[in-house]
Amino acid sequence: MTDFLRIERDGHIVTLTLNRPEKRNAISSAEECAEVAEACRTLNRDEGVRVVIVTGAGSSFCAGGDLKGMRDKTGITKGETGAEIRESYRRGIQMIPLALYEMDIPTIAAINGPAIGAGLDLACMCDIRIASETARFAESFVKVGIVPGDGGAYLLPRVVGMSKALEMSLTGDAITPAEALACGLVSKVVAPDALLAAARDMAARIAVNPPQAVRLTKRLLREGQHMRLSTLLEMSAAYQALAHGTRDHREAVDAMLDKRAPSFEGR
C-alpha cells in the first residue's frame, strides 16, 4: 500500500482524504487505486462505520489521472498495446467504482477544489456531493483524446441527466459550483472554510439513524435505478421484512411512542 489515502475516524464517521496535494491528488498508479478500493471494502465490512466522507488534501479534490503517466504509458495507463492498456484500466482505476459506488455505507463527497476527469467521476461515485465555492467540475476526457474509462459514462448521466452529461462529456468544458448546483451535480455549495463542517453535519444527520435501515435504503435506491417497478417492489418487501426484524426498528418505534431519544446498536 502507498500513503495516498489518509483515513480518519470520529465515532461512526470515517473521512478518506486523497493525500497528494503536490499532484492535486491525481491518481497516478495501480497501487493508489488498490489502496482506495481496499479501504472501501474494509470499511464496508465494518458494522461500526455509518457514513464515509471523501475529500482531497490541499486546494484540489482530484485532478483525475496523471498526464505525464498518460504520455509515458505508465501508471494507471501502463501498456504498449491496446490489450495491455485495457488490462491496466481493469486492474487499476476501475477497481475504485466497483468498490466505492457499491458500498452499502452512505458516502459524501466534500469537494474542496477542482474535480476533473476521473476526479469528477470519483465525486459521482459518492451518494451525496457538497462543494466548496472554490470547486470546479469537468468531464474532460475528450480534451486529451480519450473516453471516460472509470465509469463516468454510467455515473454522470444518472446524476445530472443525459443531456447535461453529454454536454459536459462532449465539450469537456468546466462548470462552476453554481452551475453544478443548478444541474443537481451537487446538493449544496458552501464557503471553503465551512466545507468539512457541512459534510460532517450531513454525515451526523445520517449516522443518527438505524444503520441497517440506512444501508438497506441506499441499496434500494441504487437498484431502483435499473429495475422495473414490479421487481423493485418485490425487493422492497424483502428488505422491509429484514428491517422489521431488527432490534433497532423496535427501539425506534418504542422511542417515538415514549417521546424519548432512541439508542441504536445496528442490530
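Here the structure is shown first, and the text comes after it.
So, here is what we can say about the structure in this document. (Residues numbered from 1 in each chain as written. Predicted model: local features only at pLDDT ≥ 70, side-chain atom pairs only at ≥ 80, totals over all residues. Heavy atoms only, no water.)

Digging into a nonpolar patch on the surface
Where nonpolar side chains cluster on the molecular surface, the patch consists of M162, L166 and L170 and spans about 330 Å² of accessible area. Position of M162 relative to the elements: it lies in helix α7 (residues 162-171). (Patch = residues over 30% accessible without salt bridge, like charges linked within 9 Å, V, L, I, M, F, W, Y side chains within 5 Å. Areas by Shrake-Rupley, 256 points an atom, 1.4 Å probe, with all protein chains shown as cover. Salt bridge = Lys/Arg side-chain N within 4 Å of Asp/Glu carboxyl O. Helix = DSSP H or I, 4+ residues; strand = E, 2+ residues; numbered from the N terminus.)

Focus on the pairing of strand β2 (residues 13-18)
With six of six residues buried, β2 is to be regarded as a mostly interior element. Residues of β2 alternate between two faces, with I13, T15 and T17 on one and V14, L16 and L18 on the opposite face, all of them buried. Relative to β2, strand β1 (residues 5-10) is paired through six bridges, and the arrangement is antiparallel. Bridging across to β2, I7 finds its partner in L16. Hairpin connection between β1 and β2: a loop of two residues separates the two successive antiparallel strands, and G11 in this loop has a positive phi of roughly 65°. (Buried < 20%, exposed > 50% of the residue type's maximum accessible area, 1.4 Å probe, protein only. Pairing = 2+ DSSP bridges.)

Focus on the packing of aromatic side chains
Tallied over the entire structure, the rule returns one aromatic pair. Seen from their ring centres, Y101 and Y154 are 5.9 Å apart, and the 90° between their planes marks the pair as edge-to-face. One end of the pair, Y101, is in the loop between α4 (95-100) and β4 (107-111); the other, Y154, is in helix α6 (residues 152-160), and 53 residues separate them in sequence. Positioned above the aromatic ring of Y154 is the side chain of R158, whose terminal nitrogen or guanidinium carbon lies 3.6 Å from the ring centre. Seen from the ring of Y101, R222 lies directly overhead, with NZ or CZ sitting 3.7 Å from the centre. (Phe/Tyr/Trp six-rings, centres within 6.5 Å; stacked < 30°, edge-to-face > 60°. Lys NZ or Arg CZ within 6 Å of the ring centre and 35° of its normal.)

Digging into the pairing of strand β3 (residues 51-56)
In terms of burial, β3 is largely enclosed, as six of its six residues are buried. With burial as the criterion, each face of β3 is covered, one bearing V51, I53 and T55 and the other bearing V52, V54 and G56. Direction of pairing for β2 relative to β3: parallel, over a ladder of six bridges. Counterpart to L18 in the pairing with β3 is G56. Between the parallel pair β2 and β3, the chain is carried across by helix α1 (residues 30-44), and the sense of this crossover is right-handed. Bridge count between β3 and β4: three bridges; the pairing is parallel. (Right-handed = clockwise from strand over helix to strand, strands pointing away.)

Quick word on the pattern of salt bridges
Here the structure, examined in full by the defined rule, presents 20 salt bridges. The closest approach of N and O atoms between R6 and E8, which form a salt bridge, is 3.7 Å. According to the relative accessible area criterion, E8 is partly exposed, its value standing at 39%. Notably, a salt bridge pairs R260 with E251, separated by 2.7 Å at the nearest N-O pair. Taking the relative accessible area as the measure of exposure, R260 reaches 37% and is therefore partly exposed. Judged by its relative accessible area of 17%, E251 falls in the buried class. Connected through salt bridges with shared partners, the residues E102, D104, R219 and E223 form a single ionic network.

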